[in-house]
Amino acid sequence: MAVNLGIGYEYDGLVITSIDYKPSPTKARPNRITFTGVTPGNESKRLSSSNSNSGTSTNKNSTSASALDQHNKTHEDAATFLWKCKYISGPDVKGQRVFEADRLSVKAARKEFVKRYGKECKPLFAIHGFNSEPGTVFKRCKQAQGRFDN
């Protein structure tokens, strides 16, 4: 299903993701990150500390080893909470959109959740597979949230 978001599309919900992200802080937003729906993954970076290899990928996917190595130098591979997600550049096509967001600590995410929904509310997570693009998930979650809010 093709989804058009348009530059500037914002998802104001809380997100927890394991997608690779690039720290992109600004003076006003020290926890700002950027990410896309398609990343080659930097598992070799994360796993290299427990393996004896140099962290160079032997992955036979379309991403070359040098592109993966460059990705691993600039991107983080860690589950993190996000908010203030916004589509900022790239073609409005699955996997090519570039998003920005602000990282939240677990403590800050909990505080924001309680502020929005109260202490008694339980979070509902939208869990998707590896082949889902953030923009599509954001749009569907935003539509579903409207049903819960009414």
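Since this is a predicted model, take the numbers as computed values, not measurements.

Help me understand the pairing of strand β4 (residues 32–36) in this model?
Here is the key point about a regular strand: its side chains alternate between the two faces of the sheet. Taken across its five residues, β4 has five buried, putting it largely inside the fold. The pairing of strand β3 (residues 22–23) with β4 spans two bridges and is antiparallel. For Lys 22, the partnering residue across the bridge sits in β4 and is Thr 34. Note that β4 and strand β6 (residues 98–104) share five bridges and pair antiparallel. Each bridged residue has a counterpart across the sheet, and for Thr 34 the counterpart in β6 is Glu 100.

What's the story with the confidence of the model for the protein chain in this structure? I'm lost.
Reading fine detail from the predicted coordinates is not recommended where pLDDT is low. With 79% of its residues at a pLDDT of 70 or more, the protein chain has an overall mean of 81. Ranking the elements of the protein chain by mean pLDDT puts helix α1 (residues 43–47) last, at 54, and β6 first, at 96. Low confidence marks residues 49–61, where pLDDT is under 50. Its contacts with residues over four positions away, or in another chain, come to ten contacts.

Explain a nonpolar patch on the surface to me, please; I cannot follow it from the model alone.
Nonpolar side chains collect at one region of the surface, where Ile 16, Phe 125 and Ile 127 lie side by side and expose about 360 Å² of accessible area between them. In this structure, Ile 127 sits in the loop between α3 (106–117) and α4 (134–149).

Cut-offs and rules
- Residues numbered from 1 in each chain as written.
- Predicted model: local features only at pLDDT ≥ 70, side-chain atom pairs only at ≥ 80, totals over all residues.
- Heavy atoms only, no water.
- Buried < 20%, exposed > 50% of the residue type's maximum accessible area, 1.4 Å probe, protein only.
- Helix = DSSP H or I, 4+ residues; strand = E, 2+ residues; numbered from the N terminus.
- Pairing = 2+ DSSP bridges.
- pLDDT = per-residue confidence, 0-100.
- Contact = heavy atoms within 4.5 Å.
- Patch = residues over 30% accessible without salt bridge, like charges linked within 9 Å, V, L, I, M, F, W, Y side chains within 5 Å.
- Areas by Shrake-Rupley, 256 points an atom, 1.4 Å probe, with all protein chains shown as cover.
- Salt bridge = Lys/Arg side-chain N within 4 Å of Asp/Glu carboxyl O.

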